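# Observations on chain architecture
Read off the chains here:
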Amino acid sequence: MLRAPGWKQLTTLVILGMAVLFTGCSRDSGPASDTAGAATPAEAARSTPRVVVNDKAIADETRVSDWLAYGGTHYERRYSLLQDIDTANVAGLAPDWYLDLPRDVGLVSTPLVVDGVMYFTGTMNVVRAVDAVTGELKWEYDPEVGQALAGKRSVGFVHNRGISFYEGKVFAATFDGRLIAIDAGTGEAIWSTRTFPKDSALYITGAPKAFKGKVLIGNGGTESGPSRGFVTAYDADTGEEAWKFYIVPGNPADGFENDAMAMAAGTWRGEWWRHGGGGNAWHGFTYDPDLDVLYIGTGNGSPWNRRVRSPGGGDNLFLCSIVALDPDTGEYVWHYQTTPGETWDYNSNMDIVLADLEIDGKTLKAILHAPKNGFFYVIDRTTGKLVSAEPFADVTWATHVDTETGRPVEAEGVRYADGTAFITPGPWGAHSWHAMSYNPGTGLAYIPALHMTFGFNDQDIDHASFQSVAFQGGLGVNLVWTDDQPRPYPASLIAWDPVRQEKAWEIPQDSFWSSGTLTTAGQLVFQGRADGKLLAYDARSGEVLWTFDAGLGISAPPITYSLGGRQYVAVLVGFGGGYSALGGAGAASHGWAYRRQMRRLIAFSLDGGADVPAQPAPLAPQPVKAPEFVVDETLAAEGAVLYDLGKYDGQCRYCHGFAVMSGGAAPDLRASTVVLDRESFTRVVRDGTLTANGMPGFEELTERELESIRHYIRQQAEAGLASQD
Ligand code: CA
């Protein structure tokens, strides 16, 4: 049993990549793909009637020329009626154009396509518009996140999952907490507003949600310190705040904001407000155009351990729930809690997919939801009542969900009151933010599933005195790795029948942290994998029909659109997200080293003829040899604590990887020559000379602490070199 003390903040916490310049990108398109005689796709695309992107358009699944919203349409199905590319011809799919993004690192976002223009957000929240037929860059908007973070010195993911579009504006939310409206035509900012105070330990990695003339955004930060989650809606035209909804109650002495908070407070014990409570909504917003309701997926508790957060128990509403709100006022409508009294980071921030299911001869207006806790939920969205829930992956924390009460029946001992409890899923969840898609034709949902067991214990933690600290965090529980994992493979693609609540097919995957899925009326499912392959599957059987080797891990979900009579499938290539930063040896094993492989956007078609340059081969970072550097083991031991657990406003491993092994989110410091020179190291780490690039300065670090970190890095470098002998 290996204790992993560094795993303090796992999935949603803060990381920030380093040395990310973001002053441009190069563009290279393949050979001209025009067809002699006929109108070129570009010409034909220009004759497509312009769309006013309002709720009617965003709800229109027949508008296949565009991809107007994060999940394709308001229904969030990531399903397209396009069937030019189908099971019979997908083998001929080839790159049509590509755009190199040499300054980017992790790419996890869903591009949008509006009127022949593709919009997407890249590393450090840089937003770009490109011609969706040629790949030509039209404009680029850089919100200068590195500068905005200076002084705050928060460390966090350099990744962002998407943008929103409404009536001529692109909406982007930045890591440092700004919501920005950008003119879609010019790329100029129209308005910008702060969604939380600049010095807050909150952050944003998610996509805003535009609906009914408003834009909604939440935040992450459940693990970054005492945090009380909330979502805010702003007027899309002006940026004025329209309404705000807190997810958990505050101190009753201050009064409750609304009846929902008063009701929720009855499910908490002790002085929960000292800990914030959590529930942060960092992902999972759906507007229901049929019922005119907004659904929010909510986060886990802050801190994780309920015995610390709410001594004496309680469901702790509205943690780990879907909360339905009035889209005009933000008033509470109903909630369904997937994990009452959660204590394992089983947040419910995953996609909220709308589907009409035929069950017992009736049409059910359903929500499909597959949160971290491993159950697949079908919920009646007219009432918020549970219809059914079955495990789609290995689940040991609960025996089943009681459909009468709507509540899970927990297995014995899972709350780790009597020592380490090994539980499946682990804190990465059985499904994270990687999008699930739903195909009404096959009636199947396609889930990028994760399989991992972790141990939890809190024996050495004093529940009464435990207090997390802003930017440093603290979970109130220890995590314990085990080699006894549930399956011989860490991930799989699962096709799930929500009506029967059973698996239709499953494809095991050797690599962890693959992309979300796209499904089409061409009976296809597309998914990018952490191993760099983009695949097309037969949506009915799971048979692999096409594979493209992008030469770099894919974490972003593919989209599809049609312009000029040509169907395109597009995807951002660039291993990213929490696992690429925190995954340590596992993430590093792919060989997607920082700045080694070209990050890029690729669009495919059946007529594609672009020659995408080959990528450098995967290469695990090579520690630099420095025999003159003699490691002081005492210093290295001190440095290990600082590197992995932190002391001031961050921890090195959030970007540079657990045990100094980088998954590509930031440089692998074992290979760095900066580390060899005390003065250079001090300039970067303490003085913050690379702040603009994403590396904050940590001015409180003492000389000894700086030295200890250096010695720890070199200790790990020497260990890496020794293992190669
Ligand atoms: Ca979490």
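Throughout, residues of each chain are indexed from 1 in the direction in which the sequence is written. Residue-level local features of this predicted model are given only where pLDDT is at least 70; pairs of side-chain atoms are given and counted only at 80 or more, and the full residue set underlies all totals for whole chains, interfaces and linings. Where side-chain values are given, they derive from all heavy atoms of the structure, hydrogens and water being excluded.

## What to know about the overall build of the protein chain
Let me state the cut-off plainly: Numbering of helices and strands runs from the N terminus; a helix is a DSSP stretch of H or I covering at least four residues, while a strand is a stretch of E covering at least two. Relative accessible area decides the class of each residue, using a 1.4 Å probe on protein chains only: under 20% of the type maximum gives buried, over 50% gives exposed, and in between gives partly exposed. Only heavy atoms enter the contact rule, under which two residues are in contact if any of them lie within 4.5 Å. Surface exposure here means Shrake-Rupley accessible area, sampled with a 1.4 Å probe, where a residue is shielded only by the protein chains that are shown.
Helix and strand counts for the protein chain come out as eleven helices and 41 strands. Counting all 725 residues of the protein chain, 66% fall into the buried class. Intrachain contacts of the protein chain at a sequence separation of at least 6 include 66% that bridge at least 24 residues. If you sum the accessible surface of the protein chain, you get close to 23,300 Å²; carbon and sulfur atoms cover 49% of it.

## Re the pairing of strand β14 (residues 230–235)
Heads up, the rule is: The pairing criterion for strands is at least two bridges between them, as found by DSSP.
Among the six residues in β14, five count as buried, and that is most of the element. Pairing of strand β13 (residues 214–217) with β14 involves four bridges; the strand directions are antiparallel. Note on β14: the bridge partner recorded for Lys214 is Asp235. Two elements, β14 and strand β15 (residues 241–246), share five bridges in a ladder whose sense is antiparallel. Within β15, the residue paired with Thr232 across the bridge is Lys244.

## Topic: the coordination of the calcium ion
Convention followed: Metal donors were taken as nitrogen, oxygen and sulfur atoms no farther than 2.8 Å from the ion, or 3.2 Å where the ion is Na, K or Ca. Water is excluded, so coordination may look unfinished.
In this structure, Glu223 (OE), Asn300 (OD1) and Asp345 (OD) serve as the protein donors to the calcium ion, at separations of 2.2 to 2.4 Å. Taken in chain order, the donor set of the calcium ion reads E-x76-N-x44-D. Taken together, the positions of Glu223 in the loop between β13 and β14 and Asp345 in the loop between β21 (332–337) and β22 (353–359) put the pair 122 residues apart, joining distant regions of the chain. Taken as a pair, Glu223 and Asp345 share a single burial class, namely buried.

## Side note on unusual backbone geometry
Between Leu317 and Phe318 the backbone carries a cis peptide bond, its omega angle lying at 0 degrees. On the secondary structure map, Phe318 appears in the loop between α5 (306–309) and β20 (321–325). A cis amide bond links Thr424 with the next residue in sequence, Pro425, at an omega value of 0 degrees. Within the fold, Pro425 resides in the loop between β28 (421–423) and β29 (437–439). Unusually for a residue other than glycine, Glu76 sits at a positive phi of about 60 degrees. With respect to the element layout, Glu76 can be found in the loop between α2 (55–58) and β2 (79–80). The buried category is assigned to Glu76, whose relative accessible area is 7%. Phi at Asp345 is positive, roughly 65 degrees, even though this residue is not glycine. Overall, Asp345 belongs to the buried group, its relative accessible area being 0%.

## Notes on the sheet that holds strand β8 (residues 164–166)
The condition is simple: Interaxial angles span 0 to 180 degrees and are taken between N-to-C directions of axes, which are lines fitted to C-alpha atoms, for helices over the stretch in contact.
The strand order across the open sheet formed by four strands is β8-β9-β10-β11, and the pairing between neighbours is antiparallel. The sheet is open, and its two edges are formed by β8 and β11 (189–194), each paired on a single side. On average, adjacent strands in this sheet sit at an angle of 20 degrees to one another, irrespective of strand direction. Bridge count between β8 and strand β9 (residues 169–173): three bridges; the pairing is antiparallel. Pairing of Ser164 across the sheet is with Phe171, part of β9.

## Digging into the packing of helix α8 (residues 633–645) against helix α11 (residues 703–724)
To keep things clear, this is the line we draw: Angles are sorted into four bins: roughly parallel if under 35 degrees, roughly antiparallel if over 145, roughly perpendicular if 65 to 115, and oblique for all others. Gly is put with the polar residues, along with every residue not named as nonpolar or charged; the nonpolar set is Ala, Val, Leu, Ile, Met, Phe, Trp, Tyr, Cys and Pro, and the charged set is Asp, Glu, Lys and Arg.
Two elements in contact, α8 and α11, have axes whose closest approach is 6 Å; the angle formed by their N-to-C orientations is 95 degrees. With respect to α11, the element α8 is oriented roughly perpendicular. Contacts between α8 and α11 involve Glu633, Thr634, Leu635, Ala636, Glu638, Gly639, Ala640, Leu642, Tyr643 and Asp644 on the former and, on the latter, Arg704, Glu705, Glu707, Ser708, Ile709, His711, Tyr712 and Gln715. Residues that form the contact of α8 with α11 fall into these classes: seven nonpolar, five polar and six charged.

## Some words on the environment of Asp176
Which entries qualify depends on this criterion: Whenever two N or O atoms come within 3.5 Å, that pair is a polar contact, provided that in protein one can donate a hydrogen and the other can accept it, and provided that, for residues adjacent in sequence, both atoms are side-chain atoms.
Tracing the chain through its elements places Asp176 in the loop between β9 and β10 (178–183). Using a relative accessible area of 1% as the deciding quantity, one classes Asp176 as buried. A C-alpha to C-alpha distance of 10.0 Å links Asp176 and Glu144, two positions 32 residues apart in sequence. Of the polar contacts made by the side chain of Asp176, one reaches the side chain of Thr174; its length is 2.9 Å.

## Here we look at the nonpolar core
What counts is decided by this rule: Grouping buried Ala, Val, Leu, Ile, Met, Phe, Trp, Tyr and Cys residues that are joined through side-chain atoms within 4.5 Å yields what is termed a nonpolar core.
Tyr119, Phe526 and Tyr561 are the most contacted members of the largest nonpolar core, which has 126 residues in total. Considering every element that reaches this core, the biggest residue donor is strand β40 (residues 566–573), with six residues. Here Tyr119 is in contact with Pro111, Leu112, Val114, Arg128, Ala129, Trp139, Ile163, Phe165, Val170 and Ala184, once residues within four sequence places are set aside. In terms of nonpolar packing, the next biggest core, distinct from the first, is built from 25 residues, Val231, Ala264, Phe285 and Tyr287 among them.

## Quick word on α8
Our working rule: Expected helix span is computed as 1.5 Å times (number of residues minus one).
With 13 residues, α8 should cover 18 Å at 1.5 Å per step; its first-to-last C-alpha distance of 18 Å lies within 8% of that length. Within the span of α8, buried status applies to Leu635, Ala636, Gly639, Leu642, Tyr643 and Asp644. Its side-chain oxygen placed 2.9 Å from the backbone nitrogen of Thr634, Asp632 serves as the N-cap of α8. Directly after α8, the chain includes Gly646, whose backbone phi takes a positive value near 80 degrees.

## Structural notes on the side chain of Asn478
Summarising the element assignment, Asn478 is placed in strand β32 (residues 478–481). Here Asp460 takes part through its side chain, which lies 2.7 Å from a polar atom of the side chain of Asn478.

## Points about the pattern of salt bridges
Worth spelling out the cut-off: A carboxyl oxygen of Asp or Glu within 4 Å of a side-chain nitrogen of Lys or Arg is what we treat as a salt bridge.
Inspection of the entire model under this criterion finds 41 salt bridges. As a salt-bridge pair, Asp290 and Arg381 come within 3.2 Å of each other at their nearest N and O atoms. Within this pair, whereas Asp290 is found in the loop between β17 (285–288) and β18 (293–297), its partner Arg381 is found in the loop between β24 (375–380) and β25 (385–391), the two being separated by 91 residues in sequence. For Asp607, the salt bridge is made with Arg566, and the minimal N-O distance between the two is 3.5 Å.

Function cannot be read off these values alone, since they describe shape.
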